[in-house]
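The residues making up each chain are set out below.
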Amino acid sequence: MIIQRGAIPQIQIITRVPSVLRTEHSSVFEIIAINEGADQVEDVFLVTDLPKWIELTENHTTHGLVEATVNGSGTELQWQVGKLAAGERAICRLEITAH
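Cut-off values and rules
- Residues numbered from 1 in each chain as written.
- Predicted model: local features only at pLDDT ≥ 70, side-chain atom pairs only at ≥ 80, totals over all residues.
- Heavy atoms only, no water.
- Helix = DSSP H or I, 4+ residues; strand = E, 2+ residues; numbered from the N terminus.
- Contact = heavy atoms within 4.5 Å.
- Pairing = 2+ DSSP bridges.
- Salt bridge = Lys/Arg side-chain N within 4 Å of Asp/Glu carboxyl O.
- Buried < 20%, exposed > 50% of the residue type's maximum accessible area, 1.4 Å probe, protein only.
- Core = buried A, V, L, I, M, F, W, Y, C linked by side-chain atoms within 4.5 Å.

Student: What should I look at first to understand the environment of Phe-45 in this one?
Tutor: Inspection of the secondary structure puts Phe-45 in strand β4 (residues 41-51). Here the alpha-carbon distance between Phe-45 and Leu-56, two residues 11 residues apart in the chain, equals 19 Å. Not counting residues up to four positions away in its chain, the partners in contact with Phe-45 are Gln-78, Trp-79 and Gln-80.

Student: Which parts of the structure should I look at to understand the pairing of strand β6 (residues 65-71)?
Tutor: Within a regular strand, side chains alternate between the sheet's two faces. The sheet contact formed by β6 and strand β7 (residues 74-84) spans 7 bridges and is antiparallel. Along β7, the bridge assignment pairs Glu-67 with Gln-78. Taken together, β6 and the strand that follows it, β7, pair antiparallel across an intervening segment of 2 residues.

Student: Please clarify how the pattern of salt bridges should be interpreted in this entry.
Tutor: Pairs may arise between side chains of opposite charge once their charged atoms sit close together. Tallied over the entire structure, the rule returns 1 salt bridge. Arg-16 serves as the salt-bridge partner of Glu-30, at 3.5 Å between the closest nitrogen and oxygen. Here Glu-30, found in strand β3 (residues 26-35), pairs with Arg-16, found in strand β2 (residues 11-17); they are 14 residues apart in sequence, far enough to count as distant. Since its relative accessible area comes to 28%, Arg-16 is described here as partly exposed.

Student: Can you help me understand the nonpolar core in this one?
Tutor: Taken as a class, soluble globular proteins show a tendency for nonpolar side chains to be buried jointly. With 22 residues, the main nonpolar core has Ile-31, Trp-79, Leu-84 and Leu-94 as its most contacted residues. If you list the elements that add at least two residues to this core, you get β2, β3, β4, β5 (54-61), β7 and β8 (89-98). Top element by residues in this core is β8. It accounts for 5 residues. Those residues within four positions of Leu-94 in sequence are excluded, and the remaining contacts are Ser-27, Val-28, Phe-29, Ile-31, Leu-56, Glu-58, Asn-59 and Leu-77.

Student: Help me understand the environment of Arg-22 in this model?
Tutor: Mapped onto the elements, Arg-22 comes out in the loop between β2 and β3. Judged by relative accessible area, which is 58%, Arg-22 ranks as exposed.

Nothing here speaks to function; it is geometry throughout.
Below, the structure written as structure tokens:
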């Protein structure tokens, strides 16, 4: 797996993606949001895009909801995480298939 890290004030975002995608086989892609601050944060909202050749087959979250919108360049994912207490983490697990 390849792990990428990025930070937004007090919120750390980690993505875990497979190092290899096989066409017509299911893979798992995870997005993890961690509140590294001392206080609760509210209205946490994340957006990411999947390319056209990736199909979202299923998603599960520990917090909030994911809305997927297909557009001309692929699929836009909007994850409304909501509130995260200090030190809390939210996980969005996406099952994807490459075509």
